[in-house]
Structure formats: C-alpha cells, structure tokens
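For reference, the chains in residue letters:
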Amino acid sequence: KAGVTQTPRYLIKTRGQQVTLSCSPISGHRSVSWYQQTPGQGLQFLFEYFSETQRNKGNFPGRFSGRQFSNSRSEMNVSTLELGDSALYLCASSLATEPYEQYFGPGTRLTVT
Amino acid sequence: AQSVTQLGSHVSVSEGALVLLRCNYSSSVPPYLFWYVQYPNQGLQLLLKYTTGATLVKGINGFEAEFKKSETSFHLTKPSAHMSDAAEYFCAVSTAGGTSYGKLTFGQGTILTVHP
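Predicted model, so just to flag it, every value in this text is computed and none were measured.

**Let's talk about the nonpolar core**
Ranked by size, the top nonpolar core spans 26 residues in total, and within it Trp35, Leu47, Leu48, Phe74, Leu76 and Tyr89 of chain B carry the most contacts. Of all elements in the fold, only strand E2 (10–14), strand E3 (19–26), strand E4 (32–38), strand E5 (44–50), strand E7 (64–68), strand E8 (73–78), strand E9 (87–94) and strand E11 (110–115) of chain B reach the threshold of two or more residues within this core. Judged by nonpolar contacts, the second largest core, of 21 residues, contains Leu11, Trp34, Phe47 and Leu110 of chain A.

**Focus on unusual backbone geometry**
Along the chain, Thr7 of chain A connects to Pro8 of chain A via a cis peptide bond; the corresponding omega equals -10 degrees. Positionally, Pro8 of chain A belongs in the loop between strand E1 (5–7) and strand E2 (10–13). Although it is not a glycine, Glu52 of chain A adopts a positive phi angle of roughly 70 degrees. Here Glu52 of chain A shows up in the loop between strand E5 (42–50) and strand E6 (53–57). Take Glu52 of chain A: its relative accessible area is 48%, and that puts it in the partly exposed class. For Thr72 of chain B, which is not glycine, the phi dihedral falls at a positive 45 degrees.

**Some points on the sheet that holds strand E8 (residues 74–78) of chain A**
All names here are of chain A. Pairing is antiparallel in the open sheet, where 4 strands are placed in the order E1-E3-E8-E7. Every interior strand has two partners, whereas the edge strands, E1 and strand E7 (64–68), have only one. Adjacent strand axes in the sheet meet at a mean angle of 20 degrees, parallel and antiparallel pairs treated alike. Where strand E3 (residues 19–24) meets E8, 5 bridges bridge the pair, whose relative direction is antiparallel. The residue of E8 that forms the bridge with Thr20 is Asn77.

**So, the interface of chain A and chain B**
With 21 residues of chain A at the contact, the number on the chain B side is 23 residues. Between the two partners, chain A and chain B, sit 1 salt bridge. Its salt-bridge partner being Glu101 of chain A, residue Lys49 of chain B comes within 2.2 Å of it at the nearest N-O pair. Taken together, the links from chain A to chain B amount to 8 residue pairs in polar contact (both at pLDDT 80 or more). Sorting the residues of the side of chain A that touches chain B by element identifies strand E4 (31–38), E5, E6, strand E9 (87–94) and strand E10 (103–104) of chain A as the ones contributing at least two each. Taken together, the residues of the side of chain A that touches chain B sort by class into 10 nonpolar, 5 polar and 6 charged.

**Let's talk about the packing of aromatic side chains**
Summed over the entire model, instances satisfying the criterion amount to 14 aromatic pairs over all chains. A ring pair is formed by Phe34 of chain B and Tyr36 of chain B, whose centres lie 6.3 Å apart and whose planes are at 35 degrees; its orientation type is tilted. Note on accessibility: Phe34 of chain B and Tyr36 of chain B belong to one class, buried. Taking the centre distance of 6.5 Å and the plane angle of 55 degrees together, the rings of Tyr50 of chain B and Phe74 of chain B count as tilted. With a gap of 24 residues between them, Tyr50 of chain B in strand E5 and Phe74 of chain B in strand E8 connect regions that are remote in the sequence. One aromatic cluster is present, formed by Tyr35, Phe45 and Phe104 of chain A together with Phe34, Tyr36, Phe90 and Phe106 of chain B through successive ring pairs.

**Points about the environment of Arg55 of chain A**
For Arg55 of chain A, the position within the fold is in strand E6. Arg55 of chain A sits in the partly exposed class, given a relative accessible area of 26%. Note: C-alpha distance between Arg55 of chain A and Ser33 of chain A (22 residues apart in sequence) is 9.9 Å. In contact with Arg55 of chain A, other than residues within four places in its own chain, are Ser31, Glu48, Phe50 and Ala96 of chain A together with Tyr101 of chain B. A polar contact is formed between the side chain of Arg55 of chain A and the side chain of Glu48 of chain A, at a distance of 2.8 Å.

Definitions and cut-offs
Residues numbered from 1 in each chain as written. Chains lettered and ligands numbered in written order. Predicted model: local features only at pLDDT ≥ 70, side-chain atom pairs only at ≥ 80, totals over all residues. Heavy atoms only, no water. Core = buried A, V, L, I, M, F, W, Y, C linked by side-chain atoms within 4.5 Å. Buried < 20%, exposed > 50% of the residue type's maximum accessible area, 1.4 Å probe, protein only. Helix = DSSP H or I, 4+ residues; strand = E, 2+ residues; numbered from the N terminus. Pairing = 2+ DSSP bridges. Axes fitted to C-alpha atoms, helices over the stretch in contact; angles between N-to-C directions. Contact = heavy atoms within 4.5 Å. Salt bridge = Lys/Arg side-chain N within 4 Å of Asp/Glu carboxyl O. Polar contact = N/O pair within 3.5 Å; in protein donor to acceptor, adjacent residues only side chain to side chain. Nonpolar A, V, L, I, M, F, W, Y, C, P; charged D, E, K, R; others polar. Phe/Tyr/Trp six-rings, centres within 6.5 Å; stacked < 30°, edge-to-face > 60°.

Below, the structure written as structure tokens:
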C-alpha cells in the first residue's frame, strides 16, 4: 500500500502571501490530521478532518484552515503568512477507529522570508 | 486533557549498549500510547503502540515498551543500540473520541545519539 504523500515537499514564500499544502492519505483511511513542527514548539495539532468535516481543531489562529475532499484527500491553507509560520507541516492519516494510530507523510517544509 | 513528558532531550549511548528513553503521560481516561521515530528531513514512523491488554509491547527494529499504569509511564527500550537507531524519538498519547478526534499529543522529543 502506498503511504501518505504530501506535496510540495519544500516551499518558500514571502510574508503576507498565502500557501496551500496538499495531503493524500493511505488508501482506505478517512481521517486526516495536520500538525505543525517547529524547534521551539515541537509537534502541535492543527486540525482533523473526517468525511469532509472538521471534527477537531487545535489552538491556531483563523489564518490556518483546511478542507477534505470526497476522496479523503486534504488541503491546508495558511493566509497572510508570518515569519513564525516557517515550519515542517505534517499530515497523518488513520482509519478513524480506535486506537486511532496515525501514519505520517514526509511533510512539507515551509520557509517564510 | 492529556500531556506527555519525555525526560531528557538528548540521550547518548555506545553502539551495543542498552537504549532507554523515558516517557510519562497524564490522562484522565485510559490512554492509547505510541512511540514514533523521526529521521532527519523525514516524517514520523510508528515504532509501536499500546492499546489494551499486554503491557509489554514489541515494535519494529527491536524496540519494545512497557505500559505501567501505576507510574503513568511508557518507557522505550532496546537491548543493543545500532548506529542506525540515531534519530529523534517521540512519545504520544491519544484517547477515544470526543475532543480527542484525530489528535495525538506529543512529548518534546528525545534525540538519540549512538557512538561507535
């Protein structure tokens, strides 16, 4: 089975721009979660989507948003980029049944200049 | 709410020595516990998980972990370190449903260095 894929792998943007990241989950996985990883804050949960609905959200400003499509693929969007948004953004998919183990993609490295 | 504390941000061992990475969790309900490994410029790979039942769980690459409810711990061990084990390791907790949907809470990570 193919793993979780994320595109693009690397991205450089300028402050004030917006960006869209894409995630394709493992076939059959209907839950997609997004995380931000930074050296200072570690791994932080952004949000989770299941059946095209956001079920859970972390403590991030409204500039961070996401969506999920009927084929379970997900996108996240960050508007009005700030320098502090530079991070590795990780997507994870799961079957959405207990114990909710998640499988991660390679991540998208976003650099904001 | 749940939380995870990993004791020691850096652990250094010699090749062939025992690896012990410590993890303590806090959860108001029975937790699911996970260990992940991250190699440079890569995503996280699941090493092992505890759900219910046997408290000693075995994972990939010779790693195992023991769930101790009384100590709220889930330490990761490997009898003999290999150079290829050098990476960052994360302990994570989740619980069933509710506000925990799709959310793993991670520890701060432990960087394992293996010396020849």
